[in-house]
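# Summary of the model geometry
Below, each chain spelled out in residue letters.
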Amino acid sequence: MSTFNTLIFIPEGSLLNEKLAVKTALRQTLKYFGLDWGPAERLRYTSLQKQFKTLSITEQIDLSLSTFLKNDLSETHTIFDNEMKKQTRLVKGAIEFLDEISSKVSLILLAKETKEQIEPRLMPTELLSLFDHAYFADDFKEKLPNKNIFFKILKDHPDIDPDNILVIGTNLDEEIQGAENANLKSLWLAPKKDKIPISPRPTLHLSKLSDLSFYLDVN
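Thresholds, definitions, all that
Residues numbered from 1 in each chain as written. Predicted model: local features only at pLDDT ≥ 70, side-chain atom pairs only at ≥ 80, totals over all residues. Heavy atoms only, no water. Phe/Tyr/Trp six-rings, centres within 6.5 Å; stacked < 30°, edge-to-face > 60°. Helix = DSSP H or I, 4+ residues; strand = E, 2+ residues; numbered from the N terminus. Buried < 20%, exposed > 50% of the residue type's maximum accessible area, 1.4 Å probe, protein only. Salt bridge = Lys/Arg side-chain N within 4 Å of Asp/Glu carboxyl O.

Enumeration according to the criterion identifies 7 aromatic pairs in this entry. Pairing Phe9 with Phe131 gives two aromatic rings, centres 6.0 Å apart and planes at 85 degrees, and the pair type is edge-to-face. With Phe9 in strand β1 (residues 6-9) and Phe131 in the loop between α7 (115-122) and β3 (133-135), the pair connects residues that are 122 residues apart, well separated along the chain. Among the residues examined, Phe131 registers a relative accessible area of 9% and is labelled buried. Through a chain of ring-to-ring contacts, the aromatic side chains of Trp37, Tyr45, Phe52 and Phe68 assemble into a single cluster.

Here's what the structure looks like:
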């Protein structure tokens, strides 16, 4: 059985409740423009979920905004981004899990958002203090799934063994594919009912962070 001593968390989804965040920010954006979020809108949003599985989070947001709002996308994105900064809800059990393992494994944060965008979402829980290193979108020229993002992290920390790294994410096309591109092992956090794809193929598929303890050398 493989064990891992370095965990790279993509916080959007694995630590922050991204589904709730996007939905809440979208509702508040509609409210800003004087639009309702009633039964018809909720049903319409639910129908969009089928398309989300094959889209990056940016594409999901663009699709949602263009579906509900006819304003210029850059205008609605500004309001939406401001609302997203207010979304601080964490995945259930995230803080407890990190508290348990933070002194036993190396923790690296790899955010897809800029530092300005995501710090307000992480600061209330002081979650950042549990990580040994933190990276943000500002630190890279490329975006996931570009393998150079992980190569930079490895270059910055030559003492880390790539064979003992586990990349933890919820988005297949960006996070799991990025890990595969860099030849790193990955954990796909997703409901058990979600089938593991052939490509990209995560190393592990778990529905709860707490189940990861089995694969960590934390005794």
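The structure having been displayed, the exposition proceeds.
A few words on the pattern of salt bridges. For the structure on display, the rule yields 8 salt bridges. In this structure, the salt-bridge partner of Glu18 is Arg121, at a minimum N-O distance of 3.0 Å. Linking Glu18 in helix α2 (residues 18-32) with Arg121 in helix α7, this pair joins segments that are 103 residues apart in sequence. Judged on exposure class, the residue Glu18 and its partner Arg121 are both buried. With a closest N to O distance of 2.9 Å, Glu113 and Arg121 form a salt bridge. One exposure class covers both Glu113 and Arg121, and it is buried. Each of the salt bridges in this network shares a partner with another, and the network as a whole consists of Glu18, Glu113 and Arg121.

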